[in-house]
Amino acid sequence: MSLLPLDKLPGPLPGPLPVTTPGPDLTPTRSPSYSRHSLRALSLLPLLLVAVWAAFDWRTVSDGAVQLASADPLWLLSAFFFMCMGWVAAACVRQGAVPERLPPGLLLASQVAAGTANHVLPASIGAHAVTLRFLQRQGISLTRGTASLALYSLVKPLAKTVVLLVFLVAFPGMLGLAELVPDERTLHLIAGGAGLTVAVAALLLKFVHPLRRPILNFVRTALTDARILHTRPCRVLALWGGAAATPLLQASVIASVGFALGLPLSWAQVTFALLVASTAAGAVPAPGGIGPIDAALIFTMVLFGAPMSLATATIIGYRVLTIWVPLLPGMLVLSWLVQRKVL
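This is a predicted model, so every value here is computed, not measured. (Residues numbered from 1 in each chain as written. Predicted model: local features only at pLDDT ≥ 70, side-chain atom pairs only at ≥ 80, totals over all residues. Heavy atoms only, no water.)

Draft legend 1. Looking closely at the pattern of salt bridges. On inspection of all chains with the given rule, the structure shows three salt bridges. Note that Arg-144 is salt-bridged to Glu-100, the shortest N-O span being 2.8 Å. Linking Arg-144 in helix 6 (residues 142–170) with Glu-100 in the loop between helix 3 (73–96) and helix 4 (104–118), this pair joins segments that are 44 residues apart in sequence. Put simply, Asp-294 and Arg-319 hold a salt bridge, and the shortest N to O gap is 2.9 Å. Placement of the pair is Asp-294 in helix 11 (residues 292–303) and Arg-319 in helix 12 (residues 308–339), with a sequence separation of 25 residues. Across this residue pair, the class does not change: Asp-294 and Arg-319 are buried. Via salt bridges that share partners, Glu-100, Arg-144 and Asp-225 belong to a single interconnected network. (Salt bridge = Lys/Arg side-chain N within 4 Å of Asp/Glu carboxyl O. Helix = DSSP H or I, 4+ residues; strand = E, 2+ residues; numbered from the N terminus. Buried < 20%, exposed > 50% of the residue type's maximum accessible area, 1.4 Å probe, protein only.)

Draft legend 2. Representation of the side chain of Thr-314. Note that Thr-314 resides in helix 12. Setting aside anything within four residues of it in sequence, one finds Thr-314 in contact with Ile-254, Val-257, Gly-258, Leu-261 and Leu-263. (Contact = heavy atoms within 4.5 Å.)

Draft legend 3. Structural context of the nonpolar core. In this structure, Leu-297 and Met-301 are the most contacted members of the largest nonpolar core, which totals 60 residues. Among the secondary structure elements, those contributing two or more residues to this core are helix 3, helix 4, helix 5 (125–137), helix 6, helix 9 (233–261), helix 10 (267–281), helix 11 and helix 12. Ranked by residue count, the leading element in this core is helix 12, at 14 residues. In this structure Met-301 touches Leu-263, Leu-265, Ala-273, Ala-306, Ala-311 and Ile-315, once residues within four positions along its chain are discounted. Counting nine residues, the second largest nonpolar core, distinct from the first, contains Ala-159, Leu-229, Leu-239 and Ala-243. (Core = buried A, V, L, I, M, F, W, Y, C linked by side-chain atoms within 4.5 Å.)

Encoded structure:
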């Protein structure tokens, strides 16, 4: 006799629960081939920009190529060497602006790519964007990377001003500076623009509360990193030495191109002309400084006694050598860094 009253149950026993099998996952997934093709298209985009730019600026390239074809090849080789040393100087300044040690090879490659990007966007935006991306890939936060860019942008004009003052002391009678000193109206405009910038920044900090905290954090980070960097002699040498060497190397490129074409100026005169021209026209936001600095540089060299045609040919040859010659290799380096996920 059973101990359980099974015969008194109201109905049959329930059967086993149905087993449900999971259906197909309908979430869209990105295939590896799609990502690979997207990365390849992104790496080829700089080459497309080169082709478009060449189509719009082909006359400058052809005129400069004609000028350089009849130039002294040894002086042109010297100009190419000084141009490459400019990348090294830029890498030194970038390293001097961050406390962490960056990989030297990748840092130099990033500056080759940044130099190319700098000729595409105005006010060094392209170079800063490439460098900031490189610093973030190296584990540096966005705030500290931006602070290093601010320090870089502050040190370069200060170092160039120091070099200009040294030239004024070393060569006091090189040029009658009365023709280059801005008039009273221009000085008032510069002072008014600087005062307006400071006033707008102060008003934003006082009345726009969402901006106050990030700006104060940025300033605090920038001051802390600058204090740490200036306690390390190697960083000080890299930062200030590289910034001071940059205009000297740039002037050496221009002087070498000029000597190759027969420019009747000395290296000191070309260097002083570049320092004065870049100081006078450097505030105009143009890609790579092309345009206003070129005009000011030609004007200054003519004041030194160079023929207008020869000064113009020197600047055209200089731009071809420093923009168009490294443009394609720079874009290839940029594409390679993107593919390697360094940028």
